[in-house]
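# Structural overview for review
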Amino acid sequence: MSNATLSGKRPSTLRAASLPKWFSWAVAAASVALGLGVSAALGLESSIQWALIAGVLFVAGTFGIAARVEGKRQAKDRVATSVVWVAFLLAVAPLASLVWETVSRGVKVLDMYFLTHSMGVVADTEPGGGIYHAILGTLEQVGLATLISVPIGVLTAIYLVEYGRGKLAKAVTFFVDVMTGVPSIVAGLFILSTWILILDMGPSGFAGAMALTILMLPVVVRSTEEMLKLVPNELREASLALGVPKWRTILKVVLPTAIGGITTGVMLAVARIAGETAPVLLLVWGSNFINTNPFSDPQASLPMYIYLQYANSGGSGAAYDRAWAAALTLIAFIMILNLAARGIARWKAPKSGR
Amino acid sequence: MAKRIDVSGLNAYYGSFRAIEDISMTVEPRTVTAFIGPSGCGKSTFLRTLNRMHEVTPGGRVEGKVMLDDEDLYGAGVDPVSVRREVGMVFQRPNPFPTMSIYDNVAAGLKLVGSKKKSEMDDVVEKSLKGANLWNEVKDRLGKPGSGLSGGQQQRLCIARAIAVEPNVLLMDEPCSALDPISTLAIEDLIGELKERFTIVIVTHNMQQAARVSDRTAFFNLAAVGQPGKLIEIDDTERIFSNPSVQATEDYISGRFG
């Protein structure tokens with residue numbers, strides 16, 4: 001008896017009833033329509049409410065229909081998939097709306113003039129002026145903080161991964177974890193009390209950079225540590241077995257292998273501190289004029305500019321527009337940094353091509 | 001070039017656990033010595049004590065003497081880095097440096113240790129790749145990453161990297177266990193050529209391989225799990241495989257083990 005006749009006579013145990021491919025889309029469309037209908041009928045106004053109703057309907061509807069047609073196991077699989085989709089949309093919706101809002105309000109005054117002029121001769125309520133001084137301040141303060149914290153952070157991580165054993169390493173790890181949780185205002189107050197109040201230095205970009213360093217350091221240490229741990233031990237042993245000293249092994253084999261991940265970690269840390277307002281407010285004070293020297297006198301910075309424009313505007317439309325445009329610039333700045341980091345990570349990643 | 005290794009009363013520990021106990025043996029220059037024995041009997045650990053790689057493992061500790069000609073590797077003031085330049089090593093899994101090209105992988109030992117002129121470096125790279133029977137396969141793509149080669153080619157690249165620094169002794173820790181029979185044959189042929197210049201010690205789980213490539217064979221065993229591994233006997237390969245003096249060796253080789 002051949003297989004063909006066998007399979008012709010018996011029902012297949014491998015094939016079962018299955019829903020068509022457009023099933024998920026149909027359920028999604030139906031639940032959105034239902035969600036809109038229900039909220040219109042009940043007179044709900046918020047768009048969040050109909051979206052939540054639609055989300056619940058989508059998951060429940062998928063399960064109900066799939067359980068009936070395909071069976072329980074397939075229904076569970078479909079529910080897991082649909083929950084992932086709903087969660088994804090819930091997470092992306094606020095981000096998309098935030099970017100949309102910032103772009104649509106920010107482009108009004110964002111042009112070359114805005115990027116290359118300061119607020120020196122413009123009152124807060126008047127139109128005109130720009131953010132050149134704030135961009136300069138942010139670049140200098142973040143740049144200084146990066147210059148201080150990257151060497152210290154990377155070296156600390158190298159110590160923890162390659163050398164650290166016993167109590168000192170445990171203590172360092174513990175304090176790095178504690179530092180991760182320090183609120184930015186506390187970092188600002190610490191520098192304020194030591195640098196400005198005790199040592200009697202004036203407010204400056206450098207003082208702000210020191211507070212930003214406190215915030216950046218633990219992020220750099222943590223991410224670098226994780227990246228160094230990912231480097232296979234075999235590579236270290238291969239290098240040591242060639243008679244290469246340990247420090248050169250770390251410098252020439254371990255660090256190059258991990259450099260892509262380390263760069264990404266540093267860029268994420270930069271993105272985190274670039275938006276800090278509290279320590280800058282305490283230590284750099286802000287200014288409407290261009291101050292290129294970060295080591296003396298108050299400076300401006302983008303997050304503080306946004307805050308001050310909003311706070312001092314007195315309901316004026318011009319200041320509101322400038323605040324939005326500055327926010328858009330800050331987001332764009334961080335996005336460019338992230339793209340650059342990805343580029344570097346891809347460029348430096350271990351190659352596998354033939 | 002090739003040097004004699006003379007081990008006496010060697011114990012190796014992982015923390016407080018003794019992994020190998022009281023090993024004494026002599027490895028003659030310009031020969032291939034194979035280590036065989038069941039898993040966990042301390043072959044690899046012993047191999048790693050021969051170029052002071054054992055102490056790289058956290059908690060790793062060694063007692064006893066390893067004489068390389070007339071110098072004790074564990075003597076006072078001996079720099080493990082210089083030991084590893086004299087005694088090279090090839091690992092079980094091919095591990096070329098992923099960030100480096102084929103050329104840089106072979107030159108890694110020289111570049112990372114000291115500087116040489118470009119023309120000298122070219123010569124060394126060509127000589128080492130020829131020595132590892134890899135030159136013809138890679139000469140047109142020396143600038144490509146080493147991780148793009150096949151497993152067998154990668155392992156020969158690692159051998160080229162190890163012999164580029166001109167060690168006296170070459171240790172191989174199951175160099176063929178991740179490779180197919182064809183690549184294994186290539187490496188075994190290579191071992192036959194390399195023993196003209198180096199003292200070679202190879203750990204293997206493949207008894208036929210030990211019989212094919214080695215001049216002398218050492219059999220290691222352990223009394224029970226958790227007990228330290230011991231050297232049972234070392235003799236000419238022919239004798240070990242035809243007429244060993246210890247019953248346990250015969251049982252292991254003939255498959256009547258355990």
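Up top is the structure these notes are about.
The paragraphs below set out a description of the structure included in this document. Bear in mind that the values here come from a model prediction, so they are computed numbers and not experimental data. (Residues numbered from 1 in each chain as written. Chains lettered and ligands numbered in written order. Predicted model: local features only at pLDDT ≥ 70, side-chain atom pairs only at ≥ 80, totals over all residues. Heavy atoms only, no water.)

### So, the pattern of salt bridges
To keep things clear, this is the line we draw: Throughout this description, the term salt bridge denotes a Lys or Arg side-chain nitrogen within 4 Å of a carboxyl oxygen of Asp or Glu. To qualify as a helix, a DSSP run of H or I must reach at least 4 residues; to qualify as a strand, a run of E must reach at least 2; elements of each kind are numbered from the N terminus. Burial classes: relative accessible area under 20% of the type maximum marks a residue as buried, over 50% as exposed, and values in between as partly exposed (1.4 Å probe, protein chains only).
This model, assessed by the stated rule, comprises 28 salt bridges over all chains. Measuring nitrogen to oxygen at the nearest pair gives 3.7 Å for the salt bridge that ties A:Lys229 to A:Glu225. Taken together, the positions of A:Lys229 and A:Glu225, both in helix α9 (residues 205-230) and four residues apart, correspond to about one turn of that helix. Owing to a relative accessible area of 6%, A:Glu225 belongs among the buried residues under this scheme. For B:Glu21, the salt bridge goes to B:Arg18, with nearest N and O atoms at 3.5 Å. Under the relative-accessibility criterion, B:Arg18 is labelled partly exposed at 29%. Three or more residues joined by partner-sharing salt bridges are found here, namely A:Asp177, A:Arg222, A:Glu225, A:Glu226 and A:Lys229.

### Topic: helix α10 (residues 233-241) of chain A
Residue and element names in this part refer to chain A. Counting buried positions along α10 yields seven of nine residues, so the element is predominantly enclosed. The complete set of buried residues in α10 reads Leu235, Arg236, Glu237, Ala238, Ser239, Leu240 and Ala241. Where α10 terminates, the next one or two residues include Gly243, which has phi positive at roughly 85°.

### A closer look at the pairing of strand β9 (residues 216-222) of chain B
Residue and element names in this part refer to chain B. Worth spelling out the cut-off: Pairs of strands are assigned from DSSP output, requiring at least two bridges between the strands.
Within β9, six of the seven residues are buried, which leaves it mostly tucked inside the rest of the structure. In terms of strand pairing, strand β3 (residues 32-36) meets β9 through four bridges, oriented parallel. Opposite Ile36, over in β9, you have Phe219 as the bridge partner. Strand direction decides the pairing type here: β9 and strand β10 (residues 229-236), joined by seven bridges, are antiparallel. Opposite Ala218, over in β10, you have Ile234 as the bridge partner.

### Some details on the interface of chain A and chain B
Cut-off, in case you're wondering: Residue contacts are defined here by distance: any two heavy atoms, one from each residue, within 4.5 Å place the two residues in contact. A quick way to say it: buried area is the sum, across both parts, of accessible area lost when two parts are put together, with a 1.4 Å probe. Two N or O atoms form a polar contact when they lie within 3.5 Å of each other; inside protein one atom must be a possible hydrogen donor and the other a possible acceptor, and for residues adjacent in sequence the pair counts only when both atoms belong to side chains. Any residue outside Ala, Val, Leu, Ile, Met, Phe, Trp, Tyr, Cys, Pro, Asp, Glu, Lys and Arg is labelled polar, Gly included; the first ten of those are nonpolar and the last four are charged.
Contacts between the two partners involve 22 residues from chain A, matched on the other side by 31 residues from chain B. Summing both sides of the interface, chain A and chain B together bury roughly 2300 Å²; the carbon and sulfur share of this comes to 63%. The tally of links from chain A across to chain B stands at two salt bridges. Two residues, A:Glu234 and B:Arg93, come together in a salt bridge whose shortest N-O distance is 2.7 Å. Run the count over chain A and chain B and you get four residue pairs in polar contact (both at pLDDT 80 or more). For the side of chain A that touches chain B, the elements supplying multiple residues, two or more each, are α10 and α11 (246-274) of chain A. Residue contributions to the side of chain A that touches chain B peak at seven residues, all from α10(A). Classifying every residue of the side of chain A that touches chain B by side-chain character gives ten nonpolar, five polar and seven charged.

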